[in-house]
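An overview of the molecular structure
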Amino acid sequence: MHHLNILAIHRDKKILATVLRLINTNGQWNGIGAHSDEEAIELFHQQPVGIVLFCAGIDPENEQKLKAVFNTQNPPPIFLQHYGGGSGLLSAEIYEALAKQGH
Amino acid sequence: MANTILHLAATRGHANHGWLDSYHSFSFGSYYNPERMQFGALRVLNDDTVSGGRGFGSHPHDNMEIVSIPLEGDLEHEDNLGNIAVIRKGDVQIISAGTGVFHSEKNKNQALPVAFLQIWLFPNKLNGPPRYDQVSLNITDRHNNFQQILSPNPDDAGVWVQQDAWFSLGKFDQGFTANYQLKKPGNGVYAFVLEGEVTINGQTLNRRDGFGIRNIDQLDFTANSANAEVLLMDVPMIT
């Protein structure tokens, strides 16, 4: 089965763990997580990433730097700002992003 | 774009987890309806009933304004900011999640259910400091009156929220009519009927129906039944 790799970046390790647990409840999604920019870039280069979730605490400048790195992938990933970390919104946000990309 | 949206009670998403019976006016959890993602800044309207002694264990949120309005029973709140509190009918609770907060919400009573509305708004400012507050309101003040329970101003009535939003609750006698003026140009109103039957701008609504109206500066309200209760959510129409 083809899995969609979703890279979640969150500064808070506990919240990140919850976000990953929620992503991985969907059998077709594979959540991978980083709490630092360096770790995110390292994980990104280890596998094709379909969606990057930017969670709370990442300032706009860092987000732009990360996007510049991630945009080197062909095709580039979908960038998603995740509101309400670890919440009931996560699945709908991912479905919405995929629908907009025609998946 | 249509100026109104109608969410009849029976068309809401529904999840019964045994301990939690929840109706979703907008996409939430496993309920996904692309036509029901938000009404402006209003993203979540859950109509929850939790069994005695049960509840939501500690879990995180960030960058969301979370409002809880108890309808019956006692809801016990605890968070990592050090707050421990119980809210009940007449109270309103706000959690401004900001950079992140962990909290639990549990039914204080072992024998009786607790019913409450859980409402989430997108904030107008990201990554602010997390904050908790609650207020106790005199529910007799909402008899034939839209009692303000939430606003963006800390010095105004109700809890304050990190968004240009105003919530009002009213309980009305049959035949009572009122006119509600929106608080800010460009805002819309999402009305949620708690009890009874009402008419808003010509649309008849029954218990737990939702009705969103945009591109207006006022709305006309009539209570068609005795003890009709309505929550008005006056929110920015962000996309």
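Residues numbered from 1 in each chain as written. Chains lettered and ligands numbered in written order. Predicted model: local features only at pLDDT ≥ 70, side-chain atom pairs only at ≥ 80, totals over all residues. Heavy atoms only, no water.

With that settled, consider the overall build of chain B. Helix and strand content of chain B: zero helices and 22 strands. Relative to the 2.2 N^0.38 estimate, which gives 18 Å for 239 residues, the radius of gyration of chain B is 17 Å and therefore close to what a compact globule would have. Projected onto the principal axes, the alpha-carbon positions of chain B cover approximately 45 × 40 × 35 Å. Considering chain B as a whole, with its 239 residues, one finds that 54% of them fall into the buried category. (Helix = DSSP H or I, 4+ residues; strand = E, 2+ residues; numbered from the N terminus. Rg over C-alpha atoms; globule rule 2.2 N^0.38 Å. Buried < 20%, exposed > 50% of the residue type's maximum accessible area, 1.4 Å probe, protein only.)

In this section: the domain arrangement of chain B. All names here are of chain B. Looking at chain B, the domain boundaries give domain 1 (13-136) and domain 2 (139-236). Taking only C-alpha atoms, the centre of domain 1 and the centre of domain 2 are 20 Å apart. Taken together, the 28 residues of domain 1 in the interface contact 28 residues of domain 2. Taking both sides of the interface into account, the surface hidden between domain 1 and domain 2 amounts to around 2200 Å²; carbon and sulfur atoms contribute 71%. Among the ionic pairs, Arg 208 bridges to Asp 47, the shortest N-O distance being 2.9 Å. For the interface between domain 1 and domain 2, the tally reads six residue pairs in polar contact (both at pLDDT 80 or more). (Domains from an automatic or database assignment. Contact = heavy atoms within 4.5 Å. Buried area = accessible area lost by both parts, 1.4 Å probe. Salt bridge = Lys/Arg side-chain N within 4 Å of Asp/Glu carboxyl O. Polar contact = N/O pair within 3.5 Å; in protein donor to acceptor, adjacent residues only side chain to side chain.)

Quick look at the nonpolar core now. Residue and element names in this part refer to chain B. Ranked by internal contacts, the top residues of the largest apolar core, which has 29 residues, are Ile 119, Phe 167 and Met 233. Looking at this core, the elements with two or more residues in it are strand S4 (42-50), strand S6 (65-72), strand S9 (91-96), strand S11 (114-121), strand S13 (147-151), strand S15 (166-172), strand S17 (187-195) and strand S22 (228-236). Counting residues per element, this core draws most heavily on S11, which supplies four residues. Composition of this core by domain shows at least three residues from each of domain 1 (13-136) and domain 2 (139-236). (Core = buried A, V, L, I, M, F, W, Y, C linked by side-chain atoms within 4.5 Å.)

Our focus in this paragraph is empty space enclosed by the protein. Regions of empty space are outlined by a rolling probe, equal in size to a water molecule, passed over the atoms. All names here are of chain B. Enumeration according to the criterion identifies one cavity of 30 Å³ or more in this entry. Space inside the largest cavity adds up to approximately 70 Å³. At three residues, the largest contribution of residues to the lining of the largest cavity is made by S6. Partitioning the lining of the largest cavity into residue classes produces five nonpolar, one polar and four charged. Domain assignment of the residues forming the lining of the largest cavity places at least three in each of domain 1 (13-136) and domain 2 (139-236). (1 Å grid on protein atoms, 1.4 Å probe; cavity = no way out; pocket = protein on both sides within 12 Å on 5 of 7 lines; lining within 4 Å. Points joined across faces, edges and corners; volume = space filled by probe spheres on them. Nonpolar A, V, L, I, M, F, W, Y, C, P; charged D, E, K, R; others polar.)

A few words now on the sheet that holds strand S21 (residues 218-223) of chain B. Two orientations exist for strands paired in a sheet by backbone hydrogen bonds: parallel and antiparallel. Residues and elements named next belong to chain B. Pairing is antiparallel in the open sheet, where four strands are placed in the order S16-S21-S18-S19. Of all the strands in the sheet, just strand S16 (177-181) and strand S19 (203-205) have a single pairing partner and so form its edges. Sheet twist, expressed as the mean angle between neighbouring strand axes with direction ignored, is 25°. Where S16 lies against S21, five bridges are found, and the strand directions are antiparallel. (Pairing = 2+ DSSP bridges. Axes fitted to C-alpha atoms, helices over the stretch in contact; angles between N-to-C directions.)

This next bit is on the side chain of Asp62(B). With respect to the helices and strands, the residue Asp62(B) is situated in the loop between strand S5 (55-61) and S6. Within the structure, Asp62(B) has its side chain in polar contact with the side chain of His10(A) (distance 2.8 Å).

Residue and element names in this part refer to chain B. Structurally, the position occupied by Ser 225 is in the loop between S21 and S22. For the pair Ser 225 and Phe 172, spaced 53 residues apart in sequence, the C-alpha separation works out to 8.3 Å. Residues in contact with Ser 225, not counting those within four places in the same chain, are Phe 172, Asp 173, Gln 174, Gly 196 and Glu 197. At a separation of 2.8 Å, a polar atom in the side chain of Ser 225 contacts the main-chain amide nitrogen of Glu 197.

Here we take up the interface of chain B and chain A. Residue-level contacts link 21 residues of chain B with 20 residues of chain A. Carbon and sulfur atoms supply 66% of the area that chain B and chain A bury against each other, a total of about 1600 Å² over both sides. When residues of chain B are sorted by the area they lose upon contact with chain A, Tyr32(B), Pro60(B) and Asp62(B) head the list and together hold 34% of the total. Mapped by element, the contributors of at least two residues to the side of chain B that touches chain A are S4 and S5 of chain B. Considering only residue class, the side of chain B that touches chain A consists of eleven nonpolar, eight polar and two charged.

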